[in-house]
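Per-entry structural report
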Amino acid sequence: MMRTLPPKPEPPSNDDCCLSGCEFCVWDLYDDDMREYQKQAGVIRDAFEALGKPVPACIRPENLRDAVDPTMRAFLDLEREMAMRIQQEADEHLDSSEDSS
């Protein structure tokens, strides 16, 4: 059974982001949606390959990149990395305080 790929997410306009590092930035939401879209496209692509059928151009990896400006992509990657670091430090702090109890 073939799955149906939902429409490709549209990136927010540059006016939609205030660039103040909001916890739930419109770009983070777009990035999450795009990752899910790429994941679903990968499942469908694998099914085509398993059946020995040609993979449609719209789900080939080179056509699944997001439409984000490279400067904005760098900003988003930095924001995501900082958020992951903060979460990791919080988790480590929680672990160390549990160990000392």
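Everything in this summary refers to the structure shown in the same document. (Residues numbered from 1 in each chain as written. Predicted model: local features only at pLDDT ≥ 70, side-chain atom pairs only at ≥ 80, totals over all residues. Heavy atoms only, no water.)

For the chain, the helix and strand inventory stands at two helices and zero strands. Relative to the compact-globule value of 13 Å for 101 residues, the chain shows a C-alpha radius of gyration of 19 Å, a clear excess of over 25%. If you line up the chain on its principal axes, its C-alpha atoms span 60 × 40 × 20 Å. For the chain, the proportion of its 101 residues judged to be buried stands at 23%. Within the chain, counting contacts between residues at least 6 apart in sequence, those at least 24 apart form 61% of the total. Of the accessible surface of the chain, which amounts to about 7,600 Å², a share of 54% is contributed by carbon and sulfur atoms. Treating the 11 positive side-chain charges of the chain as one cloud and the 23 negative ones as another, the clouds have centres 12 Å apart. (Helix = DSSP H or I, 4+ residues; strand = E, 2+ residues; numbered from the N terminus. Rg over C-alpha atoms; globule rule 2.2 N^0.38 Å. Buried < 20%, exposed > 50% of the residue type's maximum accessible area, 1.4 Å probe, protein only. Contact = heavy atoms within 4.5 Å. Areas by Shrake-Rupley, 256 points an atom, 1.4 Å probe, with all protein chains shown as cover. Lys, Arg positive; Asp, Glu negative; His and termini not counted. Charge placed at Lys NZ, Arg CZ, Asp CG, Glu CD.)

A few words on the environment of Ile-59. By the element assignment, Ile-59 lies in the loop between helix H1 (26–50) and helix H2 (70–99). Dropping the residues within four chain positions of it, Ile-59 is found in contact with Leu-5, Ala-41, Ile-44, Arg-45, Phe-48 and Leu-64.

So, on to the environment of Cys-25. Along the chain, the position of Cys-25 falls in the segment before H1. Through-space distance from the C-alpha of Cys-25 to that of Glu-79 is 9.8 Å; in sequence the pair is 54 residues apart.

Because the α-helix completes a turn every 3.6 residues, residues three or four places apart line up on one side. Its 30 residues place the ends of H2 43 Å apart at the C-alpha level, agreeing with the 44 Å of an ideal helix rising 1.5 Å per residue. Within H2, the full set of buried residues consists of Met-72, Arg-73 and Leu-76. (Expected span 1.5 Å × (residues − 1).)

We now examine the pattern of salt bridges. Per the stated rule, a full pass over the model turns up four salt bridges. Here Arg-80 makes a salt bridge to Asp-31, at a shortest N to O gap of 2.7 Å. With Arg-80 in helix H2 and Asp-31 in helix H1, this pair connects stretches of sequence that are 49 residues apart. A relative accessible area of 26% means that Arg-80 is categorised as partly exposed. The residue Arg-80 makes a salt bridge to Asp-32 at a minimum N-O spacing of 3.4 Å. (Salt bridge = Lys/Arg side-chain N within 4 Å of Asp/Glu carboxyl O.)

Our next topic: a negative patch on the surface. Residues Glu-89, Asp-91, Glu-92, Asp-95, Glu-98 and Asp-99 make up a contiguous surface patch of negative charge. Tracing the chain through its elements places Asp-95 in helix H2. Taking the relative accessible area as the measure of exposure, Asp-95 reaches 43% and is therefore partly exposed. (Patch = residues over 30% accessible without salt bridge, like charges linked within 9 Å, V, L, I, M, F, W, Y side chains within 5 Å.)

End to end, H1 covers 36 Å across 25 residues, agreeing with the expected 36 Å (1.5 Å per residue, within 8%). Listing the buried residues of H1 in full gives Trp-27, Asp-28, Tyr-30, Asp-31, Met-34, Tyr-37, Gln-40, Ala-41, Gly-42, Ile-44, Arg-45 and Phe-48. Tucked into the core, H1 has its buried residues touching H2. Positive phi shows up at Gly-52, right after H1, with a value of about 70°.

Fair warning: the whole summary comes from geometry, so function is off the table for now.
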